[in-house]
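Spelled out from the first residue to the last, the chains are:
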Amino acid sequence: MVSARILAALAITALVQALPLQPKGAVQSGPGFTAIQPGSYFVEFYGEPAGSSCDREHAAFAEQTRMAGLVVNTRNSFKRLFNGVAIDLPDSGCLEQIASLPMVKRTWPMQMRTRSVAIPSSNVAPNLLFAHQYTGVEKAHAELGLDGSGIKVGVIDTGVDYMHPDLGGCWKTPGCPFQYGMDFVGNGYDSGTTPRPHPGPDPRDTCDGHGTHVTGIIAAHGSKIKGVAPGVTLGVYRIFGCPGNGTGQAADDVILKALEAAHEDRMDVINMSFGGGSGWSEDPLSVAASRLVNDGVVMVASTGNAGANGLYTSGSPGLGVGVINVASFENWMITSLSIDVVGTKSNVSIVHSSPGNSKIRFVFRTPTRVVAPVDGSGSIEGCASYTEHFAGQILLVKRGGCTFVEKAAFAQSAGAVGVMVYNYDSELMSPTSASDNVTIPLVVIKSDDGQAILSELNFGRVTVTATNRTMSAPNPAGGQISHFSSWGPDPELYLSPAVGAPGGNIFSTFPLDLGGYTSLSGTSMASPYVAGMAALILQAKSKKISVGEVRRLILESARPTVDANSTALLSPLRQGSGLANIWDAIAALATIDPPQLSLNYTELGAQSSTNAGDSTATDGLDGVAIVKRARASPLARPTTQWPIQMVRTLTLRNNSPTNFLTCTMTNLPASAVSSFMANGSFTATPRTWPESNNTTAVARDTQPQAFVEGPALPIRVAPGDTQRISVRIIAPTGLSQKDKWFYSGYLRFNLLWDDQVGTAQSLHVPYMGFLGDYTKLDILSSPDEGLPFVSLRGSTDAIADDDHLLIDAAHRLSVHYRLEHPTRLLKMQLVDEENVPQGYLPYGYLEYLGRNYQGGSSHYSNSTINGTLYHDADLTRPFATAPGTYRVRIDALRPLRSPSDPDGFQTWISPKFVLDSVSLVKNATADKLEVGDSVNYGEY
């Protein structure tokens, strides 16, 4: 058993290694590269957080920087979760001196996190209560009387409109649910554009709504909305300012300050509906979250909304060890605002989208005429000025041709009082028509409904009324994984997400100034659902339960769902353990440790020892943490000759104090997924096996097999006792290694107690492995994609061998590359004709990177050749590039390989080019890089 102390030490080491020290310069935000706040840094001291040396080291740092004449602005000090300071340095040249101070263990640049953008749902008001029917919440409320009373839940987000009646309409008064929290930033804060916080007196949010929506999912207790745990005590910690201030980002020191405050307030559960990107467990915030888990706090986070970008899109801090990162499932029922249409031949009620501007509602209490004219260009799309006037009428227009803002503006200029846009198909989508110049409402309706109104107009007059009346209808996608929900695994081949919960089409509270209620979709909505569940478990167990047990109950009682695109269960890389069910979690009379199995990689035909490479171990946190520190060297491959087989040992605990437990096990194969097509080309939408169009029986050897090796089935476990179970898992030999498959499945443990009623339960443990040698995967894109290449800045034409070039203020070179797999280390250097490194490029030493996505703005990354190189990996000692003959060399560390292993890198070397002259503008070092020169993303 691995002790909690060892895990904490490992977490501290991970934080130290998290990011390199970097010079001043604005690194662009995007997948795989977290945005950097220019001139701001974390400085970590050697002493343990909350240790006896903290005060002494902080005082010594302040004194020694003052004595050295260094201009240092200390913006935040930390002693609880992290021992160190956040600083601003007007002169980044001082960084090397600061790093050399005796108490300084490590420095790294200040990262910035983007608020999770919730997705406006396709309909206005999906009913949260319907979700409660399918997740056991309704039953837990009604039959067990659970509401989270006595449990403290922290919400780190955009703040909350605590004056909302469904949230109590109070702040820190006796009996008020809001007893803790504070504003760390103020309305005008944005770490990218207005980085100096000006906190308000409390965390009230009247301008954004994300945090109010999240809080309602956890704890609303009104007539319209009832949260998962409406009786909890809340702490709200505001880390984001109002939207519209800039990038919508918060700096890591602000978030860490909020985490420390929540910890100091002794929150039992903390929800983090932010983050995203292609993350790492070594990310500083992931490590901070892990420390909170280690200290007894249930940490819950959204896994991210980047599902369209495929594998490796789970974000931090949700990848922190022991954190429950949550995928999103679609709600089952949608309760939508309706439009009543009255025509000559027929009357009908139809649904519409949320309004394009949330402040301008689509409400017409008296019959209002609808017309469908052509615009000045003869089109029905409404993308040009109208030649007629339509005072007091609603225009029906077709989607397309121009923006929704333009459609609304042209209609408004013609005197219209509203716009209905009929879509291309039967789906609804949420438009955006917010503009200072548009004052009329705009909504989207389904294509069939639009066509029906057009037909009715052929017979005569058509009117509509819209009075906020609702109508309910089943959601065809109810209970399925949301299309936007991010995929795992994490870059070190551990299973992500942990579990799923309702997050698609969720109706919850919203600031009163913004309408009071709205529907949003996102893993941001699924995360607080699970946070509420954790509160119910803590209440049910009178808080006499460990963080690991809470996590295990939620994961093992979840129900895996079928893949809508295949005939198998959905891969745990998309749904984790499945859809969470709180009734089953609380009722569970047994647990299994660990709750998930990450099998690492399996190269067919290879040999090594049984259980080798199994870093999924029970630990001092009762199964919370997965010890993920084997990356310094390749993990040992599993045992035996073909077919490849692995043995994993799990511990079954019978929590019944009086009855024996009988156990059998069933293997449930799930879909295999790959980022590569049969021809080897990369695909953002993962390829699956069995395929969706497969109509034949699935060959047994194309799916993993699993059986209990010992003890013999059925297994008997005495009351209150435990039994170790060895499970042999056989990788699918009928799938090709060259296709880079992730295979997976679920071990279903069928449990029966010998009590009078014959209590029966089942628990599920997902498993996942990579078919092939994971340590040999390429990081950089295939040459078939045309990357990497070097070009003149502003061009996409690659330079040719022996091109003669010059560097000056107007002429620079760009290095374009694409990462198709996350990498722990990326190095970009200029080398001479003998391949001897001459220096690092600006931002030429990057650690813990996610992969590039397929979207236009994130398809590839680039760096610059501007005449400045660096002697050191910390990029603190710049020097001018001499004229000469060079190549660019990119070294990308392959998965699970050690940076000290020269054979662990994939290397690309550019064509040879000659720099005839290098003329630097004064001070043209990385300190003065233009935005376009730093790591960024662009169309390709």
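None of these values were measured; they are calculated from a predicted model.

**Description of the overall build of the chain**
Right, so step 1: A count of helical and extended segments in the chain gives 14 helices and 46 strands.
Right, so step 2: Buried positions account for 61% of the 940 residues belonging to the chain.
Right, so step 3: In the chain, the proportion of contacts linking residues at least 24 apart, taken out of those at least 6 apart, comes to 78%.
Right, so step 4: Element-wise, carbon and sulfur atoms account for 50% of the exposed surface of the chain, whose accessible area totals about 33,100 Å².

**Some points on the UniProt feature "active site" (unreviewed entry) in the chain**
Right, so step 1: UniProt annotation of "active site" (unreviewed entry) refers to D157, H210 and S524 when read in the numbering used here. Their sequence span is 368 residues, while the largest C-alpha to C-alpha distance among them is just 10.1 Å; these annotated residues converge on one region.
Right, so step 2: Checked against the element boundaries, D157 lands in strand β7 (residues 152-157).
Right, so step 3: Discounting chain neighbours no more than four positions away, the residues touching D157 are H210, G211, V214, Y237, R238, I239, F240 and S273.
Right, so step 4: With respect to the secondary-structure elements, S524 resides in helix α11 (residues 523-540).
Right, so step 5: Within the local environment of S524, its side chain forms a polar contact with the side chain of H210, the two groups lying 3.1 Å apart.

**Details of the pattern of salt bridges**
Right, so step 1: Using the criterion set out here, one finds 22 salt bridges in the structure.
Right, so step 2: For R238, the salt bridge identified is with D183, shortest N-O distance 3.5 Å. In this pair, R238 is assigned in strand β9 (residues 233-238) and D183 in strand β8 (residues 178-183), connecting sequence segments 55 residues apart.
Right, so step 3: Given a relative accessible area of 1%, R238 falls into the buried group.
Right, so step 4: A salt bridge links R559 to D584; its shortest N-O distance comes to 2.6 Å. Taken together, the residues R559 in the loop between α12 (547-556) and α13 (572-575) and D584 in helix α14 (residues 582-587) connect sequence positions 25 residues apart.

**Side note on the nonpolar core**
Right, so step 1: Ranked by internal contacts, the top residues of the largest apolar core, which has 104 residues, are L259, M299 and I554.
Right, so step 2: It is α11 that contributes the most residues to this core, 11 residues altogether.
Right, so step 3: Those residues in contact with M299, other than ones at most four positions away along the chain, are L259, I270, M272, A289, L292, V293, V323 and I324.
Right, so step 4: Of all hydrophobic cores here, the second largest spans 32 residues; its members include L599, W689, I729 and L763.

**Points about the packing of α11 against α12**
Right, so step 1: Following both chains from N to C, one finds α11 and α12 inclined at 120 degrees, their axes separated by 10 Å at the closest point. Relative to α12, the element α11 is oriented oblique. Two packed elements cross with a definite hand, and for α11 against α12 that hand is right-handed. For the pair α11 and α12, the contacting residues are V530, A534, I537 and L538 in the first and V550, L553 and I554 in the second.
Right, so step 2: By residue class, the composition of the contact of α11 with α12 is seven nonpolar, no polar and no charged.

**A few points about the pairing of strand β34 (residues 760-771)**
Right, so step 1: With respect to burial, β34 is a largely interior element, 10 of its 12 residues being buried.
Right, so step 2: Taken together, the 11 bridges between strand β33 (residues 742-753) and β34 define a ladder with antiparallel strand orientation. Looking across to β34, one finds that G745 is bridged to Y767.

**A short note on the state of the cysteines**
Right, so step 1: Applying the stated criterion to the full structure yields three disulfides.
Right, so step 2: Between C170 and C176 runs a disulfide, and the two sulfur atoms are separated by 2.2 Å. Across the S-S bond of C170 and C176 the torsion is about 95 degrees, and the bridge reads as right-handed.
Right, so step 3: With relative accessibility at 12%, the residue C170 sits in the buried group.
Right, so step 4: Across the disulfide, C207 is cross-linked to C242 (sulfur-sulfur distance 2.0 Å). On the sign convention where negative means left-handed, the S-S torsion of about -90 degrees between C207 and C242 marks this disulfide as left-handed. Highlighted residues: C207 in the loop between β8 and α6 (210-219) and C242 in the loop between β9 and β10 (249-251), separated in sequence by 35 residues.
Right, so step 5: Assessed through its relative accessible area of 14%, C242 is described here as buried.
Right, so step 6: Cysteine pairing in the chain follows 1-2, 3-4, 5-6, where each cysteine in a disulfide is numbered by its order in the sequence.

**Some words on the environment of A588**
Right, so step 1: With respect to the secondary-structure elements, A588 resides in the loop between α14 and β25 (590-593).
Right, so step 2: With a relative accessible area of 10%, A588 lands in the buried category.
Right, so step 3: Sequence spacing of A588 and A760 is 172 residues, and the spatial spacing of their C-alpha atoms is 9.8 Å.

**Considerations on unusual backbone geometry**
Backbone phi values are negative for most residues with the exception of glycine, while trans is the configuration of most peptide bonds.
Right, so step 1: A cis geometry characterises the amide bond from S496 onward to P497, with omega recorded as 0 degrees.
Right, so step 2: A cis amide bond links G710 to the next residue, P711, at an omega of -5 degrees.
Right, so step 3: Within the secondary structure, P711 sits in the loop between β30 (705-710) and β31 (715-717).
Right, so step 4: The phi dihedral of K172 is positive, around 60 degrees, even though this residue is not glycine.
Right, so step 5: Mapped onto the fold, K172 is located in the loop between β7 and β8.
Right, so step 6: Look at Y843: it is not a glycine, yet its phi comes out positive at around 55 degrees.
Right, so step 7: Mapping Y843 onto the fold places it in strand β39 (residues 837-849).

**Points about the sheet that holds strand β27 (residues 645-654)**
Right, so step 1: Overall, antiparallel pairing links the four strands, which are arranged β25-β27-β32-β30 in an open sheet. The sheet terminates laterally at β25 and β30, the two strands that pair on one side only. Across this sheet, the average inter-strand angle for adjacent strands is 30 degrees, counted without regard to direction.
Right, so step 2: With four bridges joining them, β25 and β27 adopt antiparallel strand pairing. Looking at β27, one finds that A590 is bridged to N654.

**Comments concerning the packing of aromatic side chains**
Right, so step 1: The tally for this structure, following the rule as stated, stands at 18 aromatic pairs.
Right, so step 2: Relative to F82, the ring of F42 lies with its centre 5.4 Å away and its plane at 75 degrees, an arrangement referred to as edge-to-face. Residue F42 is located in strand β1 (residues 35-45), and its partner F82 is located in the loop between β2 (73-78) and β3 (84-88); the two are separated by 40 residues in the primary sequence. Taken as a pair, F42 and F82 share a single burial class, namely buried.
Right, so step 3: An angle of 45 degrees between the planes, with centres 5.4 Å apart, marks the rings of F45 and F61 as tilted. Remark: F61 occurs in helix α2 (residues 54-67) and F45 occurs in strand β1; sequence separation between them is 16 residues.

**A word on the confidence of the model for the chain**
Right, so step 1: Residue-level pLDDT values for the chain average 85, and 85% of them are 70 or greater.
Right, so step 2: Between residues 1-32, whose pLDDT stays under 50, and residues either more than four places distant or in other chains, the model counts 126 contacts.
Right, so step 3: Predicted confidence for residues 122-126 stays below pLDDT 50, and this span has 32 contacts to residues more than four positions away or in other chains.

**Details of the packing of helix α7 (residues 252-264) against helix α8 (residues 284-294)**
Right, so step 1: The N-to-C vectors of α7 and α8 enclose an angle of 5 degrees; their axes lie 11 Å apart at closest approach. Classified by the interaxial angle, the pair formed by α7 and α8 is roughly parallel. Within the contact between the two elements, α7 uses D252, I255, L256, L259 and H263 and α8 uses P284, L285, A288 and L292.
Right, so step 2: Across the contact of α7 with α8, the residue classes tally to seven nonpolar, one polar and one charged.

**Re the sheet that holds strand β4 (residues 104-114)**
To summarise the sheet geometry, strands pair through backbone hydrogen bonds and adopt either a parallel or an antiparallel arrangement.
Right, so step 1: Taken in spatial order, the five strands make up an open sheet running β2-β3-β1-β4-β10, and their pairing is antiparallel. Whereas interior strands pair on both sides, the edge strands pair on one side only; in this sheet they are β2 and β10. Strand-to-strand twist of the sheet, defined as the mean angle between neighbouring strand axes without regard to direction, takes the value 25 degrees.
Right, so step 2: Strand direction decides the pairing type here: β2 and β3, joined by five bridges, are antiparallel. Bridging from a neighbouring strand, S77 pairs with V85 of β3.
Right, so step 3: Along the sheet, α7 makes contact with β1, β2, β3, β4 and β10, crossing β2 at roughly 30 degrees.

Quick notes on the rules
Residues numbered from 1 in each chain as written. Predicted model: local features only at pLDDT ≥ 70, side-chain atom pairs only at ≥ 80, totals over all residues. Heavy atoms only, no water. Helix = DSSP H or I, 4+ residues; strand = E, 2+ residues; numbered from the N terminus. Buried < 20%, exposed > 50% of the residue type's maximum accessible area, 1.4 Å probe, protein only. Contact = heavy atoms within 4.5 Å. Areas by Shrake-Rupley, 256 points an atom, 1.4 Å probe, with all protein chains shown as cover. UniProt positions renumbered as here; feature names shortened; annotations may be inferred. Polar contact = N/O pair within 3.5 Å; in protein donor to acceptor, adjacent residues only side chain to side chain. Salt bridge = Lys/Arg side-chain N within 4 Å of Asp/Glu carboxyl O. Core = buried A, V, L, I, M, F, W, Y, C linked by side-chain atoms within 4.5 Å. Axes fitted to C-alpha atoms, helices over the stretch in contact; angles between N-to-C directions. Parallel < 35°, antiparallel > 145°, perpendicular 65-115°, else oblique. Left-handed = near helix turned anticlockwise from the far one by under 90°. Nonpolar A, V, L, I, M, F, W, Y, C, P; charged D, E, K, R; others polar. Pairing = 2+ DSSP bridges. Disulfide = S-S within 2.5 Å. Phe/Tyr/Trp six-rings, centres within 6.5 Å; stacked < 30°, edge-to-face > 60°. pLDDT = per-residue confidence, 0-100.

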